[in-house]
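# Commentary on secondary and tertiary structure
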Amino acid sequence: METGRFVVKEVFSIRKIGILGGTFDPVHLGHLTAAEAVREAYDLEQVLFIPAGEPPHKLDQTKTAAWHRYWMTVLATLDNPKFDVSPVEIQREGVSYTIDTLMYFREKMGSESEIYFIAGADLVFEIAGWRRSDALFERCVFVIVTRPGFDFGRLRDNLSGVLTQAQLNRIAPLEIPALEVSSTEIRQKIKAGRTVRYLIPEAVDAYIRKNGLYR
Ligand code: ATP
Ligand code: MG
């Protein structure tokens, strides 16, 4: 796919990249503000949004077709020159594991590059259980952003029983402007015929209407 090649070509020359993985069903302003805050804080050259093909933790849920989630993410990130979307997980067969994605970009970018994996505070305790988490911690820094409803103050203390010291050193908490929005809430609102204006980009709203998603 054209976009895939474009992204792969682009990352060759990039040294500091952020990766935001997610289901993006649909992408919302919480994702965008988190990505922008991390980009600025770490002076990242690019933040790559990577929609999951088959997220391992959501196998039992009905998800919107992967390419719909991909295009909504493209529309949402269109006006930010430092944001891009990679179809790598959607094009890969089977369940999407973060380790495969990280190895892919590590190989493309070389060992000198810095990869910042962005995740919301709701995920932080799950990372230790992700496939080959030891290898994950060797290949990226996890920037954990605040998310309303999740205790952030004692993050490091709470993690000390779960992660090794070396792994803890690879966790970087970042406080961001809190946006209490989730894809689950957006899906429920659309289903109930309620407004989602100002929670998702207008173009994403238009795409959802045009394709009759979440009804
Ligand atoms: P769902 O409700 O379907 O789980 P979600 O809103 O949690 O959707 P995901 O696609 O699961 O969205 O999230 C992708 C990443 O973005 C995760 O790391 C998640 O923690 C983070 N994230 C999502 N919403 C926010 C938010 N409002 N503030 C900060 N981080 C967020
Ligand atoms: Mg989620």
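Summary of the structure given here. Predicted model, so just to flag it, every value in this text is computed and none were measured. (Residues numbered from 1 in each chain as written. Chains lettered and ligands numbered in written order. Predicted model: local features only at pLDDT ≥ 70, side-chain atom pairs only at ≥ 80, totals over all residues. Heavy atoms only, no water.)

## Comments concerning the side chain of Thr 101
Counting through the fold element by element, Thr 101 comes out in helix α5 (residues 98-109). Other than its neighbours up to four places away in sequence, Thr 101 contacts Ile 50, Val 88, Glu 89 and Arg 92. (Helix = DSSP H or I, 4+ residues; strand = E, 2+ residues; numbered from the N terminus. Contact = heavy atoms within 4.5 Å.)

## Notes on the site of ligand 1
Contacts to ligand 1 come from 22 residues, most closely from His 28, Asp 122, Leu 179, Ser 183 and Thr 184. A distance of 2.9 Å separates an oxygen atom of ligand 1 from a polar atom in the backbone of Thr 23. Between Val 181 and ligand 1, the recorded distance is 3.1 Å, taken from a backbone N or O atom to a nitrogen atom. Bound to the protein, ligand 1 loses 91% of the 600 Å² it would expose on its own. (Near = heavy atom within 4 Å. Polar contact = N/O pair within 3.5 Å; in protein donor to acceptor, adjacent residues only side chain to side chain. Areas by Shrake-Rupley, 256 points an atom, 1.4 Å probe, with all protein chains shown as cover.)

## Here's the deal with the nonpolar core
Ranked by internal contacts, the top residues of the largest apolar core, which has 37 residues, are Val 38, Val 47, Phe 49, Met 72, Val 204 and Ile 208. Apart from the residues within four sequence positions on either side, Val 204 is in contact with Pro 26, Val 27, Met 72, Leu 75 and Ala 76. With 28 residues, the next largest nonpolar core counts Ile 17, Leu 136, Leu 163 and Leu 168 among its residues. (Core = buried A, V, L, I, M, F, W, Y, C linked by side-chain atoms within 4.5 Å. Buried < 20%, exposed > 50% of the residue type's maximum accessible area, 1.4 Å probe, protein only.)

## So, the packing of helix α3 (residues 66-77) against helix α11 (residues 202-211)
The geometry of a pair of packed helices is captured by two quantities: the angle between their axes and the separation between those axes. In contact at an axis separation of 8 Å, α3 and α11 are set at 150 degrees when each is read in the N-to-C sense. Relative to α11, α3 is oriented roughly antiparallel. For the crossing formed where α3 meets α11, the hand is right-handed. Contacts between α3 and α11 pair Trp 67, His 68, Trp 71, Met 72, Leu 75 and Ala 76 from the former with Ala 203, Val 204, Tyr 207, Ile 208 and Asn 211 from the latter. Here the residues of the contact of α3 with α11 are counted per class, giving 9 nonpolar, 2 polar and no charged. (Axes fitted to C-alpha atoms, helices over the stretch in contact; angles between N-to-C directions. Parallel < 35°, antiparallel > 145°, perpendicular 65-115°, else oblique. Left-handed = near helix turned anticlockwise from the far one by under 90°. Nonpolar A, V, L, I, M, F, W, Y, C, P; charged D, E, K, R; others polar.)

## A closer look at the sheet that holds strand β6 (residues 171-174)
With parallel pairing, the 6 strands of this open sheet are ordered in space as β3-β2-β1-β4-β5-β6. For this open sheet the edge positions go to β3 (83-85) and β6, each flanked by a neighbour on one side alone. Averaged over all adjacent pairs, the angle separating strand axes in this sheet is 30 degrees, with direction ignored. Summarising the sheet, strand β1 (residues 16-22) and strand β2 (residues 46-51) pair through 6 bridges and their orientation is parallel. Within the sheet, the bridge partner assigned to Gly 21 lies in β2 and is Ile 50. With respect to the sheet, helix α2 (residues 29-41) is in contact with β1, β2, β3, β4 (114-120), β5 (141-145) and β6, its orientation differing from that of β2 by roughly 145 degrees. Those strands touched by α5 are β1, β2 and β4, and its axis lies near 155 degrees from that of β4. (Pairing = 2+ DSSP bridges.)

## A look at the packing of aromatic side chains
Here the structure, examined in full by the defined rule, presents 10 aromatic pairs. When the ring of Phe 117 is compared with that of Trp 130, the centres are 5.9 Å apart and the planes differ by 80 degrees; the resulting orientation is edge-to-face. Here the residue Phe 117 occupies a position in strand β4, and Trp 130 occupies one in the loop between α6 (124-127) and α7 (133-139), the gap between them amounting to 13 residues. On the basis of relative accessibility, which here comes to 21%, the residue Trp 130 falls in the partly exposed class. Centroid distance Trp 130 to Phe 142: 6.5 Å. Interplanar angle 70 degrees. Geometry classified as edge-to-face. Here Phe 142 lies in strand β5 and Trp 130 lies in the loop between α6 and α7, a separation of 12 residues in the sequence. Among the aromatic residues, those joined into a ring-pair cluster are Phe 117, Trp 130, Phe 137 and Phe 142. (Phe/Tyr/Trp six-rings, centres within 6.5 Å; stacked < 30°, edge-to-face > 60°.)

## Section: the pairing of β5
Most of β5 sits out of view: 5 of its 5 residues are buried. Alternating positions in β5 separate into two faces, Val 141, Val 143 and Val 145 on one and Phe 142 and Ile 144 on the other, with burial throughout. Here β4 runs beside β5; their pairing, made up of 5 bridges, is parallel. From the neighbouring strand, Ile 118 faces β5, where its bridge partner is Val 143. Sheet topology places β5 next to β6; 4 bridges connect them, and they run parallel. Its bridge partner lying in β6, Phe 142 is registered against Ile 171.

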